[in-house]
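The residues making up each chain are set out below.
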Amino acid sequence: MKGRGTKEAQAASARSSGGDRTTSARARRGRRAGGTGALGAGCAWAAALFCVCAAVSAALGEEEPPYMDEVFHVRQTWRYCRLEVSASHWDDKITTLPGLYALGAPAALAWGSLQCLLSSVLWAPSPGGGDSPLRGSSNSSWASSLVECACDVGARPRVLRLVSCCFGILLFPVLVAILHRLDPSAKTSMIVPKVLSCCLFPPLFFFNFLYYTDTGSILFVCLSYLFSLKEAYLMSAIIGALAVFFRQNNIIWVVFIAGEACIRISHEKELLPFFMWAVKNIPEIVKKFWAHALLGVAFAAFVVINGGIVVGDRSHHVVAFHFAQFLYFSLIAAVTLIPSTLFLVDWSTLWARTRTKHQGNSVKQYLLWAVVASALTILFTFLVKNYTFVHPFILADNRHYTFYIWKDLFVKYEYFKYSLVPFYVASFFFLHWLLKRSLSYSWILLYVLCASCVLVTSTLVEMRYFVTPMVILHLRVHKSNKGTWMEVACYLCINSLTIAMFALHPFTWPDGSTARFMW
């Protein structure tokens, strides 16, 4: 009997072991299938974005000059190609650090050198027109002639816009990796629409076709975030420094990334326990995030030496308390998240529970809501009245959509800005409900503080300033799959319209130049 029991136990153990191996094999197959699906989606995204970039470039034409701020970015990249990197060669109209040019110049040199070499070898006209400057050059001047040709050929708008397009292509796999880190059990079918909703956010998607800092800025912020999730904190800080070189206020998102990592390490969801943990574990925090701290100290030293955050022209980039800017962002964030939350809850069940709950305690519940809503209405009205700024650029440049919003609504109707207060209050309740479903109050407070520091300090209202806080928000909130696909469909429609307006419907400015509509 004893031998029989031993044999049965061994057989059961073997079956259990075999079951575990089967489960592990299925998990590995699932991960491989998910990786294959994500790779296929990434390749499709790259092909689609490249085709759209090529179509926009073809619509603009070969000789299309740099557009708006591209004039300064293209010219500065040309100077970097020629190694003219001293302060005396800096364009005062540029207000950001030279991260874009430090990466754009090598790309321009590589592309321009290839074009010039091919034109010389094939005895064809140079890409810039005329005979190739490399022919007939002596050995001593050949290298300098190649650099001159490469700078003239590579540092052109049509070439440099491909740099932004490449940033947009790389953003997709970075966001996929972030979502896999945040939720390792998530299926590719859930991750892909969420990533698409971030990449297709209209103010972000639009600047894949222009040589601006926006796509590079969000790419390196997200890449820094990814390394933080991998607990590679030194690399996260290094990439964060590169993000700061694209846009100075990214230092706030470096702080956010380090702060969120502390929240993850602490495993504390409430505010007070997290603060208590942080105070007790300061040595451990410094040990893990010394590189982030060093970056913060270096940035503070830069601000002191430079006399401010902005480099170049500071007259139109004055720091202020523009609290209305955060209200605009909250309203837009709520609107963008509504489609993805329509299928998040069972509305009939929620309504039934609400009615049952209110039958027993309706007066107290409604009174609490009324008090909070009234307090928020008073606060938001005060902020709108005293902290709404109209930047001179908004009403002076009819190439931006914000010009028409301000001219036809905010300026034309004096009290229009106050009519939005109820929507701000509704956005507050909606975002609070959505965020607390999946995120701790520590995370929410950290996010609100960082987003406020970025947005409130800017007097100029531009939709592209909302890109980074919007992408981070959409990555972290819980969204239904059907609703997210609805969001993607809405973004596709908006992007189709804005790109068509930009590429196919130019108009003439008073100075005779060609103007185009943009965010």
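So, here's what we can say about the structure.

Focus: the overall build of the chain
Inference 1: Counting its secondary structure elements, the chain contains 22 helices and two strands.
Inference 2: Here the chain holds 519 residues, and the buried ones make up 46% of them.
Inference 3: Taking all contacts inside the chain whose residues are at least 6 apart in sequence as the whole, residues at least 24 apart take part in 77%.
Inference 4: Accessible area of the chain: about 26400 Å², with a carbon and sulfur share of 68%.

Side note on the state of the cysteines
Inference 1: Under the counting rule described, the total for this entry stands at one disulfide.
Inference 2: Put simply, Cys-116 and Cys-149 are joined by a disulfide, and their sulfur atoms are 1.8 Å apart. Taking the sign of the S-S torsion, -90° for the link of Cys-116 and Cys-149, the bridge is left-handed. Of this pair, Cys-116 sits in helix H3 (residues 99–121) while Cys-149 sits in helix H4 (residues 139–154), and the two are 33 residues apart along the sequence. Cys-149 matches Cys-116 in its accessibility class, with the two residues each being buried.
Inference 3: The cysteine Cys-198 is free of any disulfide, with Cys-199 supplying the nearest cysteine sulfur at 6.7 Å.

Observations concerning the packing of aromatic side chains
Inference 1: In the structure shown here, the tally under the stated rule is 39 aromatic pairs.
Inference 2: Ring geometry for Tyr-401 and Trp-519: centres 5.3 Å apart, planes at 70°, overall edge-to-face. Separated by 118 residues along the polypeptide, Tyr-401 in helix H17 (residues 401–411) and Trp-519 in the segment after strand E2 (514–515) bring together distant segments of the chain.
Inference 3: Given the relative accessible area of 18%, Trp-519 is considered buried.
Inference 4: An aromatic cluster is defined as three or more aromatic residues linked by ring pairs; in this entry it consists of Tyr-401, Phe-403, Tyr-404, Phe-507, Phe-517 and Trp-519.

As for the pattern of salt bridges
Inference 1: A complete count under the given rule lists 13 salt bridges for this structure.
Inference 2: Measuring nitrogen to oxygen at the nearest pair gives 2.6 Å for the salt bridge that ties Arg-75 to Asp-91. Linking Arg-75 in helix H2 (residues 70–81) with Asp-91 in the loop between H2 and H3, this pair joins segments that are 16 residues apart in sequence.
Inference 3: Given the relative accessible area of 9%, Asp-91 is considered buried.
Inference 4: Across the pair Arg-464 and Glu-462 runs a salt bridge whose closest N-O atoms are separated by 2.7 Å.

Observations regarding the side chain of Ser-197
Inference 1: Here Ser-197 is to be found in helix H6 (residues 188–199).
Inference 2: Polar side-chain contacts of Ser-197 include one of 2.6 Å to the backbone oxygen of Lys-194.
Inference 3: Look past the residues within four positions of Ser-197 in its chain and what remains in contact with it is His-474, Lys-479, Thr-484, Glu-487, Val-488 and Tyr-491.

Some words on the environment of Phe-466
Inference 1: Tracing the backbone through its elements, the reader meets Phe-466 in the loop between helix H20 (441–456) and helix H21 (467–476).
Inference 2: A relative accessible area of 1% places Phe-466 in the buried class.
Inference 3: Phe-466 sits 137 residues away from Phe-329 along the chain, and the two C-alpha atoms are 6.7 Å apart.

Some points on helix H22 (residues 481–504)
Inference 1: End to end, H22 covers 34 Å across 24 residues, agreeing with the expected 34 Å (1.5 Å per residue, within 8%).
Inference 2: Among the residues making up H22, those that are buried are Gly-483, Thr-484, Glu-487, Val-488, Tyr-491, Asn-495, Thr-498, Ile-499, Phe-502 and Ala-503.
Inference 3: A side-chain oxygen of the first residue of H22 lies 3.2 Å from the backbone nitrogen of Gly-483; this N-cap is Ser-480.

Notes on the environment of Ser-427
Inference 1: With respect to the helices and strands, Ser-427 occurs in helix H19 (residues 421–438).
Inference 2: For Ser-427 and Val-335, which are 92 residues apart along the polypeptide, the C-alpha to C-alpha distance reads 8.2 Å.
Inference 3: When near neighbours in sequence (up to four residues on either side) are disregarded, Ser-427 contacts Ser-330, Leu-331 and Ala-334.

What to know about the environment of Asn-398
Inference 1: Among the structural elements, Asn-398 can be located in the loop between helix H16 (392–396) and H17.
Inference 2: Note: C-alpha distance between Asn-398 and Arg-516 (118 residues apart in sequence) is 9.2 Å.
Inference 3: With near-sequence residues (within four places) excluded, Asn-398 lies in contact with Phe-403, Tyr-404, Phe-507, Trp-509 and Phe-517.
Inference 4: Here the side chain of Asn-398 touches Trp-509 through a polar contact of 2.7 Å, side chain to side chain.

A look at the packing of H19 against H20
Helix packing for two helices is described by the angle between their axes and how far apart those axes are.
Inference 1: The interhelical angle for the contact between H19 and H20, taken along N-to-C directions, is 130°, at an axis separation of 9 Å. Put simply, H19 runs oblique to H20. For the pair formed by H19 and H20, the contact residues are His-432, Leu-435 and Lys-436 on the first element and Tyr-441, Trp-443 and Ile-444 on the second.
Inference 2: Along the lines of polarity and charge, the residues of the contact of H19 with H20 split into four nonpolar, one polar and one charged.

Reading the values: rules and limits
- Residues numbered from 1 in each chain as written.
- Predicted model: local features only at pLDDT ≥ 70, side-chain atom pairs only at ≥ 80, totals over all residues.
- Heavy atoms only, no water.
- Helix = DSSP H or I, 4+ residues; strand = E, 2+ residues; numbered from the N terminus.
- Buried < 20%, exposed > 50% of the residue type's maximum accessible area, 1.4 Å probe, protein only.
- Contact = heavy atoms within 4.5 Å.
- Areas by Shrake-Rupley, 256 points an atom, 1.4 Å probe, with all protein chains shown as cover.
- Disulfide = S-S within 2.5 Å.
- Phe/Tyr/Trp six-rings, centres within 6.5 Å; stacked < 30°, edge-to-face > 60°.
- Salt bridge = Lys/Arg side-chain N within 4 Å of Asp/Glu carboxyl O.
- Polar contact = N/O pair within 3.5 Å; in protein donor to acceptor, adjacent residues only side chain to side chain.
- Expected span 1.5 Å × (residues − 1).
- Axes fitted to C-alpha atoms, helices over the stretch in contact; angles between N-to-C directions.
- Parallel < 35°, antiparallel > 145°, perpendicular 65-115°, else oblique.
- Nonpolar A, V, L, I, M, F, W, Y, C, P; charged D, E, K, R; others polar.

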